[in-house]
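What follows is each chain in one-letter form.
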Amino acid sequence: MDISVVVPLYNEVESLPELTAWIARVMNENRFTYEILLVDDGSRDGSWEEICRLNLDNPFIKGVKFRRNYGKSAALNVGFEAAQGDVIITMDADLQDSPDEIPALYKRIAEEKYDLISGWKAKRYDPLSKTIPTKLFNAATRKMSGIDNLHDFNCGLKAYRKAVVKNIEVYGEMHRYIPVLAKWAGFTKIGEQVVEHRARKYGKTKFGMSRFINGFLDLLSIFFVGKFGKRPMHFFGSMGVLSFFIGMILAVWILAEKLIHISNNERYRDATDQPLFYLALVAIVVGFQLFLTGFVAELVSRNSPDRNNYQIEDRV
């Protein structure tokens, strides 16, 4: 199979017939063998019934329905697991991504041998409440990840080599940082392509301020896991040893200073009357705790066996 198109959706019943017909037309015109994977993230507007109807008309349209809403990352992860194409294309269901971009994206992966091509919506039709946080996230992600050639990490329209999606795990709000996940997994040939951004035709945006906070926390999580996920002792242990030695140096300083005053028969206040004593004590205790945290983290796998288990109600 040439292409799997993975489309996560939540309450997008109005756009589905137009979107799937558009994708099918592009595929047939270019003689691609394909499948369209529609992942219903717990919709309540009849989206699943529409997917079932579309499947009857076009057997290349397949669907997965979550029992409840888990989020876009969960939908993408399940879609990636099910995808069979050599090239996987992801796009949003709201018709703001154009299926006409698919042949060019496919060529970048299949012929130019890129691992991942991320779309860049140079001209956007989103409100400032969405574009400003996106710009901030993109700048922070470029700085922390070292992927300097991407302008828009969160663009829904992307193309992947099959090996990429089979070797990354997407959860939380991590769909924003899939290029970073791919890089940490060893897929470093990552490129960008300017794509068309269309004004929303149906429904309303699912963007909210909570995603701003969650996205930032997931960015920190990716950075930590990418650098220290396989060796947490290097992080916690280093911080613990540093804190412990700072505390010990302060303690030795206090003790030496007191002994000097005693040898000179000078009056000197008790060590417990000095703020520096408590700073030393806290540094020693915190250092010991950080070291133990690193040791425990080495023993406990960071991957919960239930992290990406979702209640799937139906498939077509």
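None of the values given here were measured: they were computed from a predicted structure.

1. Remarks on the pairing of strand β1 (residues 3-9)
Step number 1: Burial analysis of β1 places 7 of its 7 residues in the buried class, which makes it a mostly covered element.
Step number 2: Going residue by residue along β1, you find Ile3, Val5, Val7 and Leu9 tucked away on one face and Ser4, Val6 and Pro8 tucked away on the opposite face as well.
Step number 3: Looking at chain direction, β1 and strand β2 (residues 34-40) are connected through 7 bridges and run parallel. Its bridge partner being in β2, Ile3 is matched across the sheet by Tyr34.
Step number 4: Regarding the hand of the β-α-β motif, the stretch spanning β1, helix α1 (residues 16-29) and β2 is right-handed.
Step number 5: Two elements, β1 and strand β4 (residues 87-90), share 4 bridges in a ladder whose sense is parallel. Residue Ile3 lies in a different strand from β4, and its bridge partner there is Val87.

2. A few points about the packing of aromatic side chains
Step number 1: Within this structure, the stated rule accounts for 6 aromatic pairs.
Step number 2: Aromatic side chains Phe32 and Tyr106 sit 4.8 Å apart centroid to centroid with 55° between the ring planes, which places their arrangement in the tilted category. Of this pair, Phe32 sits in the loop between α1 and β2 while Tyr106 sits in helix α4 (residues 102-110), and the two are 74 residues apart along the sequence. Note on accessibility: Phe32 and Tyr106 belong to one class, buried.
Step number 3: Between Phe66 and Tyr70 the ring centres are 5.2 Å apart and the planes differ by 90°, which places this aromatic pair in the edge-to-face class.
Step number 4: Sitting above the plane of the Tyr114 ring, Arg108 keeps its charged end 4.8 Å from the centroid.
Step number 5: Here the basic side chain of Lys189 rests over the ring of Tyr114, its NZ or CZ set 5.0 Å away from the ring centre.

3. Brief notes about the confidence of the model for the chain
Step number 1: The predicted model of the chain averages 85 in pLDDT, with 83% of residues at 70 or higher.
Step number 2: Averaged pLDDT values for the elements of the chain fall to 65 in helix α8 (residues 209-228) and rise to 98 in β4.

4. Here's the deal with the pairing of strand β5 (residues 116-120)
Step number 1: Of all the 5 residues making up β5, 4 are buried; the element is thus mostly covered by neighbouring parts of the structure.
Step number 2: With 5 bridges connecting them, β5 and strand β7 (residues 190-194) associate as parallel partners. Residue Ile117 lies in a different strand from β7, and its bridge partner there is Gly191.

5. Overview of unusual backbone geometry
Step number 1: Although it is not a glycine, Asn11 adopts a positive phi angle of roughly 55°.
Step number 2: Looking at where Asn11 falls in the secondary structure, it is placed in the loop between β1 and α1.
Step number 3: With phi around 70°, Leu95 is a residue other than glycine that occupies positive phi space.
Step number 4: Structurally, Leu95 can be placed in the loop between β4 and α4.

6. Details of helix α9 (residues 232-263)
Step number 1: Between its first and last C-alpha, α9 extends 46 Å over 32 residues, near the 46 Å set by a 1.5 Å rise per residue.
Step number 2: Buried within α9 are the following residues: Pro232, Met233, Phe236, Gly237, Gly240, Ser243, Gly247, Ile254 and His261.
Step number 3: Looking one or two places after α9, you find Asn265, whose phi comes out positive at around 55°.

7. Comments concerning the sheet that holds β2
Step number 1: Reading across the sheet, the 8 strands line up as β7-β5-β6-β4-β1-β2-β3-β8 and stay open at both edges, with mixed pairing between neighbours. Each edge of the sheet is formed by a strand with only one pairing partner; in this case those strands are β7 and β8 (312-315). Across the sheet, the mean angle separating the axes of adjacent strands is 20° when strand polarity is ignored.

8. Thoughts on the pattern of salt bridges
Opposite charge on two side chains makes pairing possible when the charged atoms of those side chains draw close.
Step number 1: As enumerated under the stated definition, the model contains 10 salt bridges in all.
Step number 2: The partner of Glu112 in a salt bridge is Arg108, and the shortest N-O contact between them spans 3.0 Å.
Step number 3: Classification of Glu112 as partly exposed rests on a relative accessible area of 34%.
Step number 4: Linking Asp115 and Arg161 is a salt bridge whose minimum nitrogen-to-oxygen distance equals 2.5 Å. Residue Asp115 is found in the loop between α4 and β5, and its partner Arg161 is found in strand β6 (residues 158-161); the two are separated by 46 residues along the sequence.
Step number 5: Residue class for Arg161 comes out partly exposed when judged on its relative accessible area of 32%.
Step number 6: Through salt bridges with shared partners, a single network forms among Arg25, Glu29 and Asp100.

9. So, the environment of His261
Step number 1: Here His261 is to be found in helix α9.
Step number 2: With a relative accessible area of 18%, His261 lands in the buried category.
Step number 3: Residues contacting His261, with those up to four places away along its chain left out, are Glu266, Arg267 and Tyr268.

Reading guide: rules and limits
- Numbering of residues begins from 1 in every chain and follows the order in which that chain's sequence is written.
- Given that the model is predicted, a residue must reach a pLDDT of at least 70 before its local features are reported, and side-chain atom pairs must reach 80 or more before they are shown or counted; all residues, however, enter totals for whole chains, interfaces and linings.
- Side-chain measures were taken over the full set of non-hydrogen atoms in the model, leaving aside hydrogen atoms and water.
- For every residue, the accessible area (1.4 Å probe, protein chains only) is compared with the maximum for its type, and the residue is labelled buried under 20%, exposed over 50%, or partly exposed between those bounds.
- Note on conventions: DSSP H or I runs of at least 4 residues are helices, E runs of at least 2 residues are strands, and numbering of each starts at the N terminus.
- Any two strands with at least two DSSP bridges between them are considered paired.
- When the strands point away from the viewer and the connection leading from the first strand across the helix to the second strand turns clockwise, the crossover is called right-handed.
- Within 6.5 Å between ring centres, the rings of Phe, Tyr and Trp (the latter by its six-membered ring) count as paired, and their orientation is classed by plane angle as stacked under 30 degrees, edge-to-face over 60, tilted in between.
- Put simply, a charge is over a ring when the Lys NZ or the Arg CZ is close to the ring centre, within 6 Å, and near the line of the ring normal, within 35 degrees.
- pLDDT runs from 0 to 100 and stands for how confident the predictor is about each residue.
- Expected span of a helix, by definition, is 1.5 Å for each gap between consecutive residues, and there is one gap fewer than residues.
- In this description, a line fitted to the C-alpha atoms serves as the axis of each element, helices being fitted only across the stretch in contact, and the angle between N-to-C directions of two axes falls anywhere from 0 to 180 degrees.
- What makes a salt bridge here is a side-chain nitrogen of Lys or Arg within 4 Å of a carboxyl oxygen of Asp or Glu, nothing more.
- In this description, contact between two residues means that some pair of their heavy atoms is separated by no more than 4.5 Å.

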